[in-house]
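Inside the fold
Spelled out from the first residue to the last, the chains are:
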Amino acid sequence: KAGVTQTPRYLIKTRGQQVTLSCSPISGHRSVSWYQQTPGQGLQFLFEYFSETQRNKGNFPGRFSGRQFSNSRSEMNVSTLELGDSALYLCASSLATVLDEQYFGPGTRLTVT
Amino acid sequence: AQSVTQPDIHITVSEGASLELRCNYSYGATPYLFWYVQSPGQGLQLLLKYFSGDTLVQGIKGFEAEFKRSQSSFNLRKPSVHWSDAAEYFCAVGATNDYKLSFGAGTTVTVRA
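One structure accompanies this document, and this report is about it. All values reported here derive from a predicted model rather than from experimental measurement.

Parameters at a glance
- Residues numbered from 1 in each chain as written.
- Chains lettered and ligands numbered in written order.
- Predicted model: local features only at pLDDT ≥ 70, side-chain atom pairs only at ≥ 80, totals over all residues.
- Heavy atoms only, no water.
- Helix = DSSP H or I, 4+ residues; strand = E, 2+ residues; numbered from the N terminus.
- Buried < 20%, exposed > 50% of the residue type's maximum accessible area, 1.4 Å probe, protein only.
- Contact = heavy atoms within 4.5 Å.
- Polar contact = N/O pair within 3.5 Å; in protein donor to acceptor, adjacent residues only side chain to side chain.
- Buried area = accessible area lost by both parts, 1.4 Å probe.
- Salt bridge = Lys/Arg side-chain N within 4 Å of Asp/Glu carboxyl O.

Description of the environment of A:Gln6
Residues and elements named next belong to chain A. With respect to the element layout, Gln6 can be found in strand 1 (residues 5-7). Classification of Gln6 as buried rests on a relative accessible area of 4%. Between the C-alpha atoms of Gln6 and Cys23, which are 17 residues apart in sequence, the distance is 4.6 Å. Those residues in contact with Gln6 that lie beyond four places of it in its chain are Ser22, Trp34, Tyr89, Leu90, Cys91, Gly105, Pro106, Gly107 and Thr108. From its side chain, Gln6 meets the backbone nitrogen of Cys91 in a polar contact 3.1 Å long. A distance of 2.9 Å separates a polar atom in the side chain of Gln6 from the backbone nitrogen of Gly107.

Quick notes on the interface of chain A and chain B
Between chain A and chain B, the contact holds 17 residues from the first and 17 residues from the second. The contact between chain A and chain B buries some 1,500 Å² in all, and 62% of this surface belongs to carbon and sulfur atoms. The largest share of the area that chain A buries against chain B comes from A:Leu43, A:Leu99 and A:Phe104, three residues that together contribute 39% of it. Taken together, the links from chain A to chain B amount to zero salt bridges. Summed over the shared surface of chain A and chain B, the number is three residue pairs in polar contact (both at pLDDT 80 or more). Only strand 4 (31-38), strand 5 (42-50), strand 6 (53-57) and strand 9 (87-94) of chain A provide two or more residues apiece to the side of chain A that touches chain B. Per-element tally for the side of chain A that touches chain B: the top contributor is strand 5 of chain A, with three residues.

Below, the structure written as C-alpha coordinates:
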(Lines give C-alpha, C1' and ligand atoms only; values in the text may rest on other atoms or scores of the structure.)
Protein backbone atom coordinates (compact mmCIF):
# COMPACT_ATOMS: atom_id res chain seq x y z
CA LYS A 1 0.00 0.00 0.00
CA ALA A 2 1.07 3.58 -0.51
CA GLY A 3 3.11 5.16 2.25
CA VAL A 4 2.73 8.50 3.92
CA THR A 5 3.13 11.33 1.47
CA GLN A 6 4.09 14.89 2.26
CA THR A 7 3.93 17.88 0.01
CA PRO A 8 5.82 19.88 -0.86
CA ARG A 9 9.14 18.16 -0.27
CA TYR A 10 11.14 21.38 -0.27
CA LEU A 11 10.13 24.92 0.45
CA ILE A 12 11.93 28.23 0.73
CA LYS A 13 10.14 31.09 2.43
CA THR A 14 10.99 34.54 3.70
CA ARG A 15 10.71 35.71 7.30
CA GLY A 16 7.24 36.92 8.10
CA GLN A 17 5.51 34.76 5.51
CA GLN A 18 3.27 31.84 6.30
CA VAL A 19 3.41 28.29 5.04
CA THR A 20 1.09 25.31 4.81
CA LEU A 21 2.38 21.75 4.69
CA SER A 22 0.30 18.77 3.72
CA CYS A 23 0.32 15.15 4.80
CA SER A 24 -1.62 12.21 3.39
CA PRO A 25 -1.61 9.23 5.75
CA ILE A 26 -1.68 5.57 4.87
CA SER A 27 -5.16 4.43 3.95
CA GLY A 28 -7.03 3.35 7.06
CA HIS A 29 -4.80 5.25 9.45
CA ARG A 30 -6.69 7.76 11.54
CA SER A 31 -3.95 9.17 13.75
CA VAL A 32 -1.61 11.75 12.26
CA SER A 33 1.27 13.32 14.13
CA TRP A 34 3.65 16.09 13.18
CA TYR A 35 7.24 16.52 14.29
CA GLN A 36 9.90 19.16 13.77
CA GLN A 37 13.45 17.88 13.27
CA THR A 38 16.44 20.18 13.61
CA PRO A 39 20.13 19.48 14.25
CA GLY A 40 20.04 21.41 17.52
CA GLN A 41 16.73 20.32 19.03
CA GLY A 42 16.30 16.91 17.45
CA LEU A 43 12.83 15.48 16.93
CA GLN A 44 10.18 17.48 18.68
CA PHE A 45 6.49 16.65 18.81
CA LEU A 46 4.21 19.31 17.35
CA PHE A 47 0.70 17.86 17.53
CA GLU A 48 -1.42 14.77 17.02
CA TYR A 49 -4.81 14.47 15.39
CA PHE A 50 -7.43 11.77 15.39
CA SER A 51 -10.85 12.03 13.77
CA GLU A 52 -10.32 15.73 13.08
CA THR A 53 -9.56 16.43 16.76
CA GLN A 54 -6.26 17.59 18.15
CA ARG A 55 -5.52 15.34 21.11
CA ASN A 56 -2.17 16.77 22.14
CA LYS A 57 0.10 19.64 21.28
CA GLY A 58 3.79 20.06 21.89
CA ASN A 59 5.54 23.05 23.36
CA PHE A 60 5.42 25.31 20.33
CA PRO A 61 4.10 28.86 19.97
CA GLY A 62 0.64 29.52 18.64
CA ARG A 63 2.11 30.33 15.24
CA PHE A 64 2.14 26.60 14.68
CA SER A 65 -1.28 25.16 13.99
CA GLY A 66 -2.78 22.21 12.25
CA ARG A 67 -5.93 20.47 11.26
CA GLN A 68 -7.18 17.15 10.06
CA PHE A 69 -9.85 16.52 7.48
CA SER A 70 -12.53 13.85 7.43
CA ASN A 71 -10.39 11.68 5.13
CA SER A 72 -7.59 11.83 7.73
CA ARG A 73 -5.39 14.04 5.58
CA SER A 74 -3.70 16.70 7.65
CA GLU A 75 -2.19 20.10 7.19
CA MET A 76 0.03 22.18 9.39
CA ASN A 77 0.44 25.89 9.13
CA VAL A 78 3.17 28.15 10.39
CA SER A 79 2.45 31.85 10.38
CA THR A 80 4.89 34.74 10.67
CA LEU A 81 7.87 32.57 9.85
CA GLU A 82 11.12 33.03 11.75
CA LEU A 83 14.62 31.92 10.81
CA GLY A 84 14.46 29.34 13.59
CA ASP A 85 11.54 27.61 11.90
CA SER A 86 13.91 26.22 9.30
CA ALA A 87 13.67 22.48 9.79
CA LEU A 88 12.56 19.15 8.44
CA TYR A 89 8.88 18.69 9.22
CA LEU A 90 7.86 15.08 9.50
CA CYS A 91 4.40 13.64 9.41
CA ALA A 92 3.58 10.20 10.74
CA SER A 93 0.42 8.15 10.59
CA SER A 94 -0.77 5.18 12.61
CA LEU A 95 -3.94 3.20 13.06
CA ALA A 96 -5.24 4.85 16.19
CA THR A 97 -2.55 6.29 18.47
CA VAL A 98 1.14 7.17 18.48
CA LEU A 99 1.62 3.99 20.52
CA ASP A 100 0.81 1.94 17.43
CA GLU A 101 3.54 1.64 14.84
CA GLN A 102 3.97 5.03 13.27
CA TYR A 103 4.81 5.30 9.59
CA PHE A 104 6.75 8.40 8.73
CA GLY A 105 6.71 10.38 5.56
CA PRO A 106 9.87 11.67 3.88
CA GLY A 107 9.36 15.12 5.35
CA THR A 108 9.15 18.67 4.07
CA ARG A 109 12.39 20.60 4.22
CA LEU A 110 11.52 24.22 5.06
CA THR A 111 14.13 26.91 4.72
CA VAL A 112 13.36 30.38 6.00
CA THR A 113 15.55 33.19 4.72
CA ALA B 1 7.02 14.85 32.25
CA GLN B 2 8.42 12.00 30.25
CA SER B 3 11.91 12.31 28.81
CA VAL B 4 14.45 10.22 26.99
CA THR B 5 18.23 10.40 27.13
CA GLN B 6 20.57 8.86 24.62
CA PRO B 7 24.02 9.39 26.11
CA ASP B 8 25.99 8.58 22.97
CA ILE B 9 25.82 11.11 20.16
CA HIS B 10 27.99 9.11 17.77
CA ILE B 11 29.24 5.53 17.73
CA THR B 12 31.65 3.98 15.25
CA VAL B 13 31.67 0.22 14.92
CA SER B 14 33.41 -2.22 12.60
CA GLU B 15 31.34 -4.32 10.26
CA GLY B 16 30.64 -7.65 11.90
CA ALA B 17 31.14 -6.31 15.41
CA SER B 18 28.38 -6.05 17.99
CA LEU B 19 26.52 -2.84 18.65
CA GLU B 20 24.78 -1.51 21.74
CA LEU B 21 22.97 1.82 21.88
CA ARG B 22 21.95 3.22 25.23
CA CYS B 23 18.63 4.75 26.14
CA ASN B 24 17.45 5.97 29.53
CA TYR B 25 13.95 7.22 30.15
CA SER B 26 12.16 9.12 32.84
CA TYR B 27 8.49 8.47 33.37
CA GLY B 28 6.28 7.87 36.36
CA ALA B 29 4.13 5.07 35.03
CA THR B 30 4.97 2.12 32.84
CA PRO B 31 5.97 3.62 29.54
CA TYR B 32 5.73 2.45 25.99
CA LEU B 33 9.28 2.35 24.62
CA PHE B 34 10.36 2.43 21.01
CA TRP B 35 13.42 2.38 18.83
CA TYR B 36 13.23 4.04 15.43
CA VAL B 37 15.92 4.20 12.75
CA GLN B 38 16.44 6.97 10.22
CA SER B 39 18.64 6.04 7.29
CA PRO B 40 20.19 8.79 5.17
CA GLY B 41 17.54 10.38 3.00
CA GLN B 42 14.80 8.15 4.33
CA GLY B 43 12.01 8.49 6.83
CA LEU B 44 12.00 6.96 10.27
CA GLN B 45 11.19 3.29 10.57
CA LEU B 46 10.14 1.40 13.67
CA LEU B 47 12.65 -1.23 14.77
CA LEU B 48 10.81 -2.50 17.85
CA LYS B 49 8.63 -1.49 20.75
CA TYR B 50 7.95 -2.58 24.32
CA PHE B 51 5.07 -2.14 26.71
CA SER B 52 4.78 -5.23 28.81
CA GLY B 53 5.68 -8.90 28.90
CA ASP B 54 9.06 -10.33 28.10
CA THR B 55 11.68 -7.68 28.79
CA LEU B 56 13.78 -8.80 25.83
CA VAL B 57 12.13 -7.60 22.64
CA GLN B 58 13.00 -8.76 19.16
CA GLY B 59 12.73 -6.37 16.27
CA ILE B 60 13.36 -6.15 12.59
CA LYS B 61 16.77 -6.27 10.89
CA GLY B 62 18.21 -8.48 13.65
CA PHE B 63 17.88 -5.88 16.42
CA GLU B 64 16.77 -6.55 19.97
CA ALA B 65 16.28 -4.39 23.03
CA GLU B 66 16.12 -5.12 26.73
CA PHE B 67 13.89 -3.26 29.16
CA LYS B 68 15.38 -2.85 32.63
CA ARG B 69 12.96 -1.14 34.96
CA SER B 70 15.48 -0.87 37.82
CA GLN B 71 17.85 1.07 35.58
CA SER B 72 15.16 2.93 33.58
CA SER B 73 16.91 1.74 30.47
CA PHE B 74 15.93 0.30 27.12
CA ASN B 75 19.17 -0.45 25.30
CA LEU B 76 19.26 -1.58 21.70
CA ARG B 77 21.62 -4.31 20.55
CA LYS B 78 22.69 -6.11 17.43
CA PRO B 79 25.15 -9.03 17.53
CA SER B 80 26.77 -8.39 14.15
CA VAL B 81 26.53 -5.06 12.35
CA HIS B 82 26.22 -4.72 8.59
CA TRP B 83 27.30 -1.70 6.58
CA SER B 84 23.63 -0.98 5.88
CA ASP B 85 23.07 -0.38 9.61
CA ALA B 86 24.79 2.99 9.33
CA ALA B 87 22.03 5.39 10.30
CA GLU B 88 20.67 7.50 13.10
CA TYR B 89 18.82 5.70 15.85
CA PHE B 90 16.19 7.24 18.06
CA CYS B 91 14.75 5.98 21.30
CA ALA B 92 11.24 7.23 22.13
CA VAL B 93 8.82 7.01 25.03
CA GLY B 94 5.06 7.33 25.11
CA ALA B 95 2.20 6.69 27.48
CA THR B 96 -1.43 5.67 27.32
CA ASN B 97 -3.80 8.57 26.75
CA ASP B 98 -0.93 11.01 26.26
CA TYR B 99 -1.05 10.91 22.46
CA LYS B 100 2.54 12.01 21.99
CA LEU B 101 5.97 10.47 21.68
CA SER B 102 9.07 12.04 23.17
CA PHE B 103 12.23 11.25 21.25
CA GLY B 104 15.80 11.16 22.42
CA ALA B 105 18.45 13.23 20.67
CA GLY B 106 19.52 10.27 18.57
CA THR B 107 22.72 8.28 18.14
CA THR B 108 24.49 8.28 14.80
CA VAL B 109 26.08 4.97 13.95
CA THR B 110 28.98 4.79 11.53
CA VAL B 111 30.05 1.38 10.24
CA ARG B 112 33.63 1.00 9.08
CA ALA B 113 34.79 -1.76 6.80
